[in-house]
Structure formats: structure tokens, C-alpha cells
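So you can see what is in the structure, the chains are spelled out below.
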Amino acid sequence: MPNILGINLSNFDEKSALKKVEEYLNGNSAHYAVTPNPEIILYALKNESYTNILNKADLSFADGFGLKIAGRLFGEKIIRITGSDFSLKLLELAQSRGEKVLIINWNEGLSKTNEITKALTKKYPQLRFLVIDTTRNSVLSPEKQIGLLNFSPTIIFSALGSPYQEEIIYYNLNNWPSVKFAIGVGGTFDFLTKKAKRAPKLFCYLGIEWLWRLIIQPKRIGRIYKATCVFMFKIIAEMIKNK
């Protein structure tokens, strides 16, 4: 299993990962996935409990081209699976299997419940789903918790952004008896509602989505600097230390 700065990564391709999720859905226990990127890994370096949450995940997808570069420098082959792309495949799988899907959406995020509902209904007309808004907290309110339990989903998408989306899954998964698989997906649904634009394919192919984000959201320059320059500095420092 590849490991970048203390964070374990799965080495499944998308097809194998989906097959693994199907195994989870056919089983009797709960599982969860995380999607580390350079920014998430930098945060984990300063937060031991969050590192623990990431490393206890059943699946850990490298969501960031920087992780592929880091893997090459460490002699590891890392397969990149973006949370956004995998989520679409997972929604298709849920629709084909008739699984119930619940989306935990940040109430101050770009996309609101009605907008996500409209977008999903249009793209996945046979999907059985429910969207609930909540604050960025490690627990749901009693009202939201009751709504979740009554709906009895088997799949949960947590769209609260890191680290909140992983924390709410980790601390509550055992309290959601119907759930077989949960995953943190960040702003995935903002792409479906068209509240956010994905980078053009050329940018994705070259691994420079960060440049696209900088162009359309210059205010993110601090975050992008950390995810590119600071992350690579940490990688190089780790390489020197291990020589």
C-alpha cells in the first residue's frame, strides 16, 4: 500500500474500486472511503486524530496530481481517482442497484438542497435519494439524525469539505445501521449543480487543475500555494531525510 507523508493510499483503479464497493453493499458491515489530496495531507501532518481517521478508511483514493508526482519520487506507482469522477460512477451504481443514497450537504456551501435535488433528478431519474443540509459539525442534529434513520440509506455522500466530512462519517458510521458505504466528496455536487466549473480536460490531463482554480478563483492563492509549493517542499524534505 503506497504511503505519502504518513497517509496510506489504496492502489485500486476505478473499476476495481467500484467492484470493492459492490462487495461492501452486498455485505453486512459499514465501510468508508476518503479522498486525500495535498491540502488534506498537509492538514493531517498537524492533526494526529485526523491522520487516524484517514488511515482507518477502507478505501483511500489519491485525489490530486501532486500525489502521483510524490509517488514517482518515492518509487511508488499511485493511481489517481478523483472524488468527483468516482462519485458519478457510484451514483450510477446506486441507481442501477436501487440503493438509497443520502447526501449530507453543508448549509453554507455553494449548492443548496433544492439545487442538488433538481440536478440529481435530472441526471439520475431512477435514483432514490435524500439531501439534508447541516452545519460543519461532527454530529447531526437530532432532527436530521431521525430523518437519516427513517430514510435508511445504504450509501452516504458527505459534502461538508475536509476535515468535517470525514469526521462526521468516522464518529457516526456505527450509529447508522442501514449504511454500508460512506465517502467524503467535497464540492462534487457543486459541479452537478453548475455552481462550480471543472477544469478543462487539457488542464486535468496535464495535472494543473490548480492553475485553473487560480484563474477562476484568485482568492484561493493561499490554499493553492500550500497544495503545490509547500506540499512538494515537504516531499523533498522527506526524501532527503530518508536518504
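Above this note sits the structure.
The shown structure was predicted, so the numbers you read here are calculated from the model rather than taken from an experiment.

(A) A look at the pattern of salt bridges. The tally for this structure, following the rule as stated, stands at four salt bridges. Note that Glu 22 is salt-bridged to Arg 97, the shortest N-O span being 3.4 Å. Taken as a pair, Glu 22 in helix α1 (residues 14–26) and Arg 97 in helix α5 (residues 83–97) lie far apart in primary sequence, 75 residues in all. Put simply, Lys 195 and Glu 115 hold a salt bridge, and the shortest N to O gap is 2.9 Å. One end of the pair, Lys 195, is in the loop between α9 (188–192) and α10 (201–206); the other, Glu 115, is in helix α6 (residues 113–123), and 80 residues separate them in sequence. Look at Glu 115 and you get partly exposed, because its relative accessible area is 26%. Overlapping salt bridges bring together Glu 22, Arg 97 and Glu 99 as one network.

(B) Quick look at a positive patch on the surface. A cluster of basic side chains, namely Lys 118, Lys 122, Lys 123 and Lys 194, defines a positive patch on the protein surface. Within the element layout of this structure, Lys 118 appears in helix α6.

(C) View of the sheet that holds strand β3 (residues 31–34). Read across the sheet, six strands follow the order β4-β3-β8-β7-β5-β6 without closing on themselves; strand pairing throughout is parallel. A single partner strand is all that each edge strand has here, and the edge strands are β4 (59–60) and β6 (128–134). When β3 meets strand β8 (residues 181–184), the two strands line up parallel, connected through three bridges. Each residue of the ladder has a partner; that of Ala 33, found in β8, is Ile 183. Here helix α7 (residues 142–151) sits on the sheet and contacts β5 (100–106), β6 and β7 (155–159); the angle it forms with β6, its principal contact strand, is near 170 degrees.

(D) Main features of unusual backbone geometry. Here the residue pair Ser 162 and Pro 163 is connected by a cis peptide bond, since its omega of 0 degrees sits within 30 degrees of zero. Positive phi outside glycine occurs at Ser 152, with the angle close to 55 degrees. With respect to the helices, strands and loops of the structure, Ser 152 is situated in the loop between α7 and β7. Here Ser 152 falls in the partly exposed class, since its relative accessible area comes to 32%. Phi angles above zero are rare outside glycine, and Lys 194 is one such case at about 65 degrees. If you trace the backbone, Lys 194 turns up in the loop between α9 and α10.

(E) Examining the nonpolar core more closely. In terms of nonpolar packing, the biggest core is built from 34 residues, with Ile 4, Tyr 32, Ile 104, Ile 156, Trp 176 and Phe 231 touching the most fellow members. Elements supplying a minimum of two residues to this core: β3, α2 (38–45), α3 (48–55), α4 (65–73), β5, α7, α8 (164–172) and α12 (221–242). Leaving out residues up to four positions away in the same chain, Ile 156 has contacts with Leu 102, Ile 104, Leu 148, Trp 176, Val 179, Phe 181, Ala 182 and Ile 183. Counting residues in hydrophobic clusters, the runner-up holds 31 residues, among them Leu 18, Phe 86, Ile 116 and Leu 192.

What counts and how
- Residues numbered from 1 in each chain as written.
- Predicted model: local features only at pLDDT ≥ 70, side-chain atom pairs only at ≥ 80, totals over all residues.
- Heavy atoms only, no water.
- Salt bridge = Lys/Arg side-chain N within 4 Å of Asp/Glu carboxyl O.
- Helix = DSSP H or I, 4+ residues; strand = E, 2+ residues; numbered from the N terminus.
- Buried < 20%, exposed > 50% of the residue type's maximum accessible area, 1.4 Å probe, protein only.
- Patch = residues over 30% accessible without salt bridge, like charges linked within 9 Å, V, L, I, M, F, W, Y side chains within 5 Å.
- Areas by Shrake-Rupley, 256 points an atom, 1.4 Å probe, with all protein chains shown as cover.
- Lys, Arg positive; Asp, Glu negative; His and termini not counted.
- Charge placed at Lys NZ, Arg CZ, Asp CG, Glu CD.
- Pairing = 2+ DSSP bridges.
- Contact = heavy atoms within 4.5 Å.
- Axes fitted to C-alpha atoms, helices over the stretch in contact; angles between N-to-C directions.
- Core = buried A, V, L, I, M, F, W, Y, C linked by side-chain atoms within 4.5 Å.

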